[in-house]
Amino acid sequence: MPWALSVPLLPEESLSSWLVRAALRQGCDPLSLTGAIWPSWRVWTRDIDREIPLARMRPLVNASGNASAKFQKAGMRDDCEKVAGYSLPETRTWPWLLALGSRNRIRHGGQQVCTLCLAEDSTPYLRRRWRFAWHIGCGFHRVQLIDECPVCKAPIEPHRLSAEDQHLAQCSRCHEDLRKAVCTSPLPEAFSFQVMADRVLQGDKAAFGNTSIAPADWFSMASFFVGVMRRASRRPTSPLADALLSLGIPVVNSRMPISGLAFELLPLSERSALLTAVERFMDTGIEEAFSALVAFNVKTSALFDPRKSPPAALLSMLSRLSHHPHGPHRRRVPPVQRPLSERAVRASWARLKRRMKAEPTS
Ligand SMILES: [Zn+2]
Ligand SMILES: [Zn+2]
């Protein structure tokens, strides 16, 4: 039976946002609504913003009266495949799409919002673009997005709101109105990176030196540089760190991630710090940036894991660096209960804190 109250998708609205709004509009919890549409499918344990699989589309179209093309367009798959350059598997993290890190219905993060956009909406709703890992600010309001409740620090989980909550611009845990949050400015270079990445996603080609490359190659190059910055931040007294410093990129930054988590799982503050470094590196000009690496005698092994192949666009640049000659393999003596380094302890503490952010049970 179709719903009594129709709920059209709003411009650029994400699928999860629409499902939550549709539930609140019908006066029920998101969980009850999706349970009624799909009795045997646990929607909220997956990242439903990615897509509604075609096999699950019919009951949704029947209940809502919205065309299936609208739901397909609202999904993230097409954009994410353009970014990745290959067809994405349903399971696994998608490159540059924030991961929810969900276990059952509980999440660790992965949803960001612009509180000013929410405040201006007549019906607050979530935008698709807020799920991209390179988004750290709002292009309209020039403020930093938020990825947690400013009061209780819970991740933003609108699917856990209930029928009485009425709108989704609030924390599902403490019910703070997110529209009251104090806004801050995004880091300017990270924001420039965001503008650049948006432009690449919208176009067919991205500029690279004197030539142009496919959007997927551009994003894989940017991921590579993110990896370089993370490696440099782990070795602040290395030729790589010195080379970056000579380019005006300090890699010792309190906001650099220490958790070792994938970029798509990092909080906004840590992604901003990394993108700031990457933007400075790219803004130098790739040729010039690599010349600095050569001048400081940085080895290729300092830049990336040799078991992984670097982006094709960078191969000729990387060939200018010397390779690390591997000496004869020495048998490693198993360590005898060595105490962990301070960094290892801090990293596991950061990962534990992230797990603790999600409520243990609900
Ligand atoms: Zn905004
Ligand atoms: Zn809260």
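By convention here, each chain's residues receive numbers from 1 onward along its written sequence. Key to labels: chains lettered from A, ligands numbered from 1, both in the order written. Per-residue local features of the predicted model are confined to residues with pLDDT of at least 70, and side-chain atom pairs are confined, for both listing and counting, to 80 or more; whole-chain, interface and lining totals are unaffected and use all residues. Values shown for side chains rest on all heavy atoms present in the structure; no hydrogens or waters enter the calculation.

Trainee: How do you make sense of the domain arrangement of the protein when you look at a structure like this?
Mentor: One widely used convention gives an interface's size as the accessible area the parts lose upon coming together. One can read the domain layout of the protein as domain 1 (15–180) and domain 2 (188–318). Just so you know, the domain bounds were taken from an automatic or database domain assignment. Using only C-alpha atoms to locate each centre, domain 1 and domain 2 end up separated by 29 Å. Every residue pair with non-hydrogen atoms within 4.5 Å of one another is taken to be in contact. With 26 residues of domain 1 at the interface, the matching set in domain 2 holds 24 residues. Interface area, domain 1 with domain 2, both sides summed: about 2000 Å², of which 65% is carbon and sulfur. Buried area, as used here, totals the accessible surface that two parts lose on assembly, with accessibility defined by a 1.4 Å probe and the loss added over both. In terms of surface lost to domain 2, no three residues of domain 1 exceed Lys-82, Trp-96 and Trp-134, which account for 37% of the buried area on that side.

Trainee: What exactly am I supposed to notice about the coordination of the zinc ion (ligand 1) here?
Mentor: Where a metal carries four tetrahedral donors, each ideal angle is 109.5 degrees; where it carries six octahedral donors, the ideal angles are 90 or 180 degrees. Only N, O and S atoms count as donors, using a 2.8 Å limit from the metal and a wider 3.2 Å limit for Na, K and Ca, and since water is excluded some coordination spheres may look unfilled. With distances of 2.1 to 2.3 Å, the protein atoms coordinating the zinc ion (ligand 1) are Cys-114 (SG), Cys-117 (SG), Cys-138 (SG) and His-141 (ND1). Geometry at the zinc ion (ligand 1) is tetrahedral, judged from the four donor atoms that bind it and their angles of 106 to 112 degrees at the metal. In the primary structure, the donors to the zinc ion (ligand 1) are separated according to the pattern C-x2-C-x20-C-x2-H. Burial status follows relative accessibility: with a 1.4 Å probe on protein chains alone, a residue under 20% of its type maximum counts as buried, one over 50% as exposed, and anything between as partly exposed. Residue class for Cys-138 comes out buried when judged on its relative accessible area of 2%. Donor angles set the geometry label: tetrahedral for four donors if every angle is between 85 and 135 degrees, square planar for four and octahedral for six if opposite donors exceed 155 degrees and the others are between 65 and 115, irregular for anything else.

Trainee: Teacher, can you tell me more about the packing of aromatic side chains here?
Mentor: Each Phe, Tyr or Trp ring, with Trp reduced to its six-membered ring, pairs with another whose centre is within 6.5 Å; inter-plane angles below 30 degrees give stacked pairs, above 60 give edge-to-face pairs, and intermediate values give tilted ones. All chains considered together, the criterion is met by 15 aromatic pairs. Between Phe-225 and Phe-281 the ring centres are 4.8 Å apart and the planes differ by 55 degrees, which places this aromatic pair in the tilted class. Taken as a pair, Phe-225 in helix H8 (residues 215–234) and Phe-281 in helix H10 (residues 268–284) lie far apart in primary sequence, 56 residues in all. Here Phe-225 matches Phe-281 in class, with each residue buried. Look at Phe-281 and Phe-290: their rings are 6.3 Å apart centre to centre, the planes differ by 70 degrees, and that puts the pair in the edge-to-face class. Overall, Phe-281 belongs to the buried group, its relative accessible area being 1%. Cation over ring: Arg-50 sits above Trp-94, and NZ or CZ is 4.3 Å from the ring centre. Here, a charge over a ring is recorded when the distance from Lys NZ or Arg CZ to the ring centre is within 6 Å and its angle to the ring normal is within 35 degrees. If you follow Arg-127 out to its NZ or CZ, it ends over the ring of Tyr-125, 3.9 Å from the centre. Each helix is a run of DSSP H or I of at least 4 residues and each strand a run of E of at least 2, with the numbering of both proceeding from the N terminus.

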